[in-house]
Every structure is written in structure tokens, then in C-alpha cells.
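Summary of structural features
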Amino acid sequence: YITGVHHVYQVGGAQSIAALIYGTETIKKVDKIVGPGNQYVAYAKKFVFGQVGIDQIAGPTEIALIIDESADLDAIAYDVFAQAEHDEMACTYVISENEKVLNQLNTIIQEKLQYVERQDIISQSIANHHYLILAQDTEEACLIMNTIAPEHASIQTRAPEMYIDKVKYVGALFLGHFSPEVIGDYVAGPSHVLPTNQTARFTNGLSVNDFMTRHSVIHLSQKTFNEVAESAEHIAHIESLFNHEKSIHVRR
């Protein structure tokens, strides 16, 4: 109501993408399709890109954490499980300069994994897409994080603020023990439609800008035209676009 949305349709899957791109008796054709979905939705969006705009082709979900000996390892384990329970293909990375901390975390994860809910999904994700990474120092930890360019990055160290300028390629950056990624799922505020699979290196999360268009306005005075016309005419001539050249020349 507040944003002026007038129609809501309770449909999903690849067929909903087809309805939005081509239109039906009930659903009008749209100009842009945004938002997450399963792999069928992602492939459908990829297929129709160019006929409509899309935000990105996202998934599977992922998180990378940088932790030190100050981190609450029980909480970290559930941060890993929370991401892993989304999807058997979900990726979880934990980076630390302290090998002992990584070993302790691994023990806790294996112990809790026996009793965790949604165990069938989580165990597959942990077995195939979970990585504990030992970094030599903070610089290498940040290099690893920027190389992964994860959808979610969580820094749970004594001084998480120092990573703000060092971690450059993430969908969303969560700082400290009381800013777990799950808060971003539900109540933190920014859109949680975020880039995955290293695409954070060149794109951003969904925002109001994705629903806006922009264009240039060119309005030259005769004086300005006379100052630049010769250069434009010359380039047109070199490109052998002679009617381009003539369009400029007749005005001179």
C-alpha cells in the first residue's frame, strides 16, 4: 500500500516467469523481473533476459566468515547451519588466522550436526561445500574474502570495524557478534536480494535504483555546436559514415 503496489499474484516457479514476460489473461506483461528463486527460476530469468530486464542470476546462497579467538564458536556453528539449511548447494566459508580456533569450530560443527534440525540438507551442504581456511594474517584473510566475493560476509573478531575498508567485494557485510547474517534475512533493512558466485565483484544488491531509469539530455547552443562540430565531423568521416558527417556539415 505504501509503495503503490496494486496487484499481488500468488504464483511461483519458472511458469511465473513465463507469465510475467509474456502476459496471461490475468497477469499483465512486465518490463523487469527481480527477486530470488530456485534454479528453475534462475534459468528462466536468464532465458528471458533481453526481452525484459532482470536484477541478476542468483544462487546458490553463500556466507564467508572471518573469526578469531574472541568469537563465540557455538554461535558461529549456527551461523554456518543457518546458511547451509537453505540448500544442499549452499556454500559456507570460515576464515581465521588461528588454526586452533578452526579446529575447535570443526569439532563443534561435527558434534552439533548429529542433532541439528533439517539435518538432511545441512549435512549435504557441509560435506560438499563447507571450507575452513587458515590465513597467515589479516591482509591474506581479506584477500581470500575478496576473492570469494560472497553474498554474505560476517566479521566476528575483536575489532570488526577495521575490515570495512579492507573487504570490498561482498553482497552485504555484517560486523560483530550481534549482527549475524540472519538479521539481514529478516529485519536489518537493506534488500536481501544479493549477488552470489563472485558476482559481487561487479554488481550490487537489489535497491531502489533497479526500479529507476535514467537518460541524458543534450541541448547545445550554436556557439557550443560550432566549437565541437569539426571534431565530430572528422570522426564521422574516418568511420566512413558520410551521412553522419553531412548531418553535421549542413549545420555549419
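Check the entry above for the structure.
The model shown is predicted, which means the values in this text are computed figures rather than measured ones.

Structural notes on the pattern of salt bridges
- Within the structure shown, the criterion is met by six salt bridges.
- Between aspartate 55 and lysine 45 there is a salt bridge whose closest N-O contact spans 2.7 Å. On the criterion of sequence distance, the pair formed by aspartate 55 in the loop between strand E2 (53–54) and strand E3 (62–67) and lysine 45 in helix H2 (residues 39–48) is long-range, its members being ten residues apart.
- With a relative accessible area of 14%, aspartate 55 lands in the buried category.
- Notably, a salt bridge pairs glutamate 233 with arginine 252, separated by 2.9 Å at the nearest N-O pair. Here arginine 252 lies in the segment after helix H9 (242–249) and glutamate 233 lies in helix H8 (residues 222–238), a separation of 19 residues in the sequence.
- According to the relative accessible area criterion, glutamate 233 is buried, its value standing at 10%.

Re the nonpolar core
- In this structure, Leu65, Ile67, Leu73, Phe81, Val94, Leu105 and Ile122 are the most contacted members of the largest nonpolar core, which totals 20 residues.
- If sequence neighbours within four positions are ignored, leucine 65 has contacts with Ile76, Asp79, Val80, Tyr93, Val94, Ile95, Met145, Ser154 and Gln156.
- Core analysis: the next-biggest nonpolar cluster, separate from the first, contains 16 residues, Ile95, Cys142, Ala153 and Val167 among them.

Focus: helix H1 (residues 14–22)
- All of the buried residues in H1 are Ser16, Ile17, Ala19 and Ile21.
- Its buried side turned inward, H1 meets strand E1 (32–33) and H2.

Conventions and cut-offs
- Residues numbered from 1 in each chain as written.
- Predicted model: local features only at pLDDT ≥ 70, side-chain atom pairs only at ≥ 80, totals over all residues.
- Heavy atoms only, no water.
- Salt bridge = Lys/Arg side-chain N within 4 Å of Asp/Glu carboxyl O.
- Helix = DSSP H or I, 4+ residues; strand = E, 2+ residues; numbered from the N terminus.
- Buried < 20%, exposed > 50% of the residue type's maximum accessible area, 1.4 Å probe, protein only.
- Core = buried A, V, L, I, M, F, W, Y, C linked by side-chain atoms within 4.5 Å.
- Contact = heavy atoms within 4.5 Å.

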